[in-house]
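Now for the letters of each chain:
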Amino acid sequence: MITFPNAKINLGLDIVEKRPDGYHNLETVFYPIPLTDVIEITEMHDEFPSDYKCNLNVMNIKIEGDAQSNLVVKAYNKLSQQYSLPRIHAHLYKRIPTQAGLGGGSSDCAFMIKALNDIAKLGMKAISSCADDFLRIMQEKFTAIGENGHSVMIQIGISESSD
C-alpha cells in the first residue's frame, strides 16, 4: 500500500495560554498544501531477520533520532498493543521538511494509522484527533492542542489589478 501524507500551513496562530501539562492552548486554521511525503507499506516475510515488527526505512531527508522513535513506528507500536498487526516494512520518502511547522511528522503518523486500519481491516471508525486532522481535505480551525476541530470556509484568491 502506498499513501501520500500531506503538509499543512497555519493561517494565523494565536497562542492563548500555557497549560499545566506544558502544552500551549492555541487557535489556528490548518490549511492543507500539495506537498506530500510518501509511505509504502508491505508485509514482512516470516523469514526476514528483524528485531522489530515495524521495520522503517527513511529516505531523502535525514531525520534525527533512530527509526524506532519515529511517529510512524510509534503509531504501529501503539496500535499493535490493541490489535493483531502483521510485521511490516515501512518505507518513508520524506519531502516535507522537518521542524518547519508543516505537520509532516503528524501527517505521517495519521496516514500510517489509516493505512494500518485498511491493511489489517481493523474497522476503526474514528481514527484519532491527529488522523482526523490530516485526513480531511478541507480547511479546519483548531483550538486547544488539536482536540477540537471544526470546518471553516476560507476563500483565497488574488484580486486583479486595474493597471
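What you see as residue numbers is a count from 1 along each chain, following the sequence as written. In view of the model being predicted, local features appear only for residues whose pLDDT reaches at least 70, and side-chain atom pairs are presented and counted only at 80 or more, with totals across whole chains, interfaces and linings using the full set of residues. The side-chain values count all of the structure's non-hydrogen atoms but skip hydrogen atoms and water molecules.

> Could you give an account of the nonpolar core, with specific residues and numbers?
Across soluble globular proteins, nonpolar side chains have a tendency to be buried as a group. Only buried residues count toward a nonpolar core. Its members are Ala, Val, Leu, Ile, Met, Phe, Trp, Tyr and Cys residues joined through side-chain atoms within 4.5 Å. Summary of the burial criterion: residues with accessible area below 20% of their type's maximum are buried, those above 50% are exposed, and those between are partly exposed, where the area comes from a 1.4 Å probe applied to protein chains only. Counting residues in each nonpolar core, the largest one holds 20 residues, and the members touching the most others are Cys54, Val72, Tyr76, Leu79, Ile88, Met112 and Leu116. Under the scheme used here, helices are H or I runs from DSSP no shorter than 4 residues and strands are E runs no shorter than 2 residues, and both carry numbers assigned from the N terminus. Only strand S4 (38-43), strand S5 (54-59), helix H1 (71-80), strand S6 (88-93) and helix H2 (104-119) provide two or more residues apiece to this core. Those residues in contact with Cys54, other than ones at most four positions away along the chain, are Gln68, Val73, Tyr76, Ile88, Ala90 and Met112. Contact between two residues is taken to exist if any of their heavy atoms lie within 4.5 Å; hydrogens are not considered.

> Can you explain the pattern of salt bridges? Please cite residues and give values.
By definition, a salt bridge exists where a carboxyl oxygen of Asp or Glu is found within 4 Å of a side-chain nitrogen of Lys or Arg. According to the stated counting rule, one finds 4 salt bridges in the structure shown. A salt bridge links Asp108 to Lys94, with the nearest nitrogen and oxygen atoms 3.2 Å apart. Here Asp108 is found in helix H2, whereas its partner Lys94 is found in the loop between S6 and H2, with 14 residues between them in sequence. Residue class for Asp108 comes out buried when judged on its relative accessible area of 2%. Between Lys114 and Asp118 there is a salt bridge, with its nearest N and O atoms 3.0 Å apart.

> Residues and numbers for the side chain of Asn117, please.
Of note, Asn117 is situated in helix H2. On the basis of relative accessible area, Asn117 is assigned to the buried category, the value being 10%. Counting of polar contacts relies on pairs of N or O atoms within 3.5 Å, with two restrictions inside protein: one atom must be capable of donating a hydrogen and the other of accepting it, and residues adjacent in sequence are counted only when both atoms are side-chain atoms. In this structure the side chain of Asn117 is engaged in a polar contact, spanning 3.2 Å, whose partner is the backbone nitrogen of Gly123. Once residues within four sequence positions are removed from consideration, Asn117 is found in contact with Leu122, Gly123 and Met124.

> Which residues make up H2, and what values do they have?
In this analysis, the expected span of each helix is defined as 1.5 Å times one less than the number of residues it contains. Across its 16 residues, H2 extends 22 Å between first and last C-alpha, which sits within 8% of the 22 Å expected from 1.5 Å per residue. The set of residues buried in H2 consists of Gly104, Ser107, Asp108, Cys109, Ala110, Phe111, Met112, Ile113, Ala115, Leu116 and Asn117. Lys121, located one to two residues past H2, shows a positive phi value of around 50°.

> Give a description of the pairing of S5 that names residues and reports values.
DSSP-based pairing: two strands are paired if at least 2 bridges between them are found. Relative to S6, S5 runs parallel, the two sharing 6 bridges. Paired with Asn57 across the strands is His91, a residue of S6. By the criterion used throughout, a crossover qualifies as right-handed when its path from the first strand across the helix to the second strand runs clockwise, the strands pointing away from the viewer. Remark: the S5/H1/S6 crossover connection has left-handed handedness.

> With reference to specific residues and values, describe the environment of Gly104.
Looking at where Gly104 falls in the secondary structure, it is placed in helix H2. Judged by its relative accessible area of 6%, Gly104 falls in the buried class. Along the sequence, Gly104 and Asn6 sit 98 residues apart, while their C-alpha atoms lie 7.1 Å from each other. Discounting residues that sit within four places of it in the chain, Gly104 has contacts with Asp37, Lys94 and Ile96.

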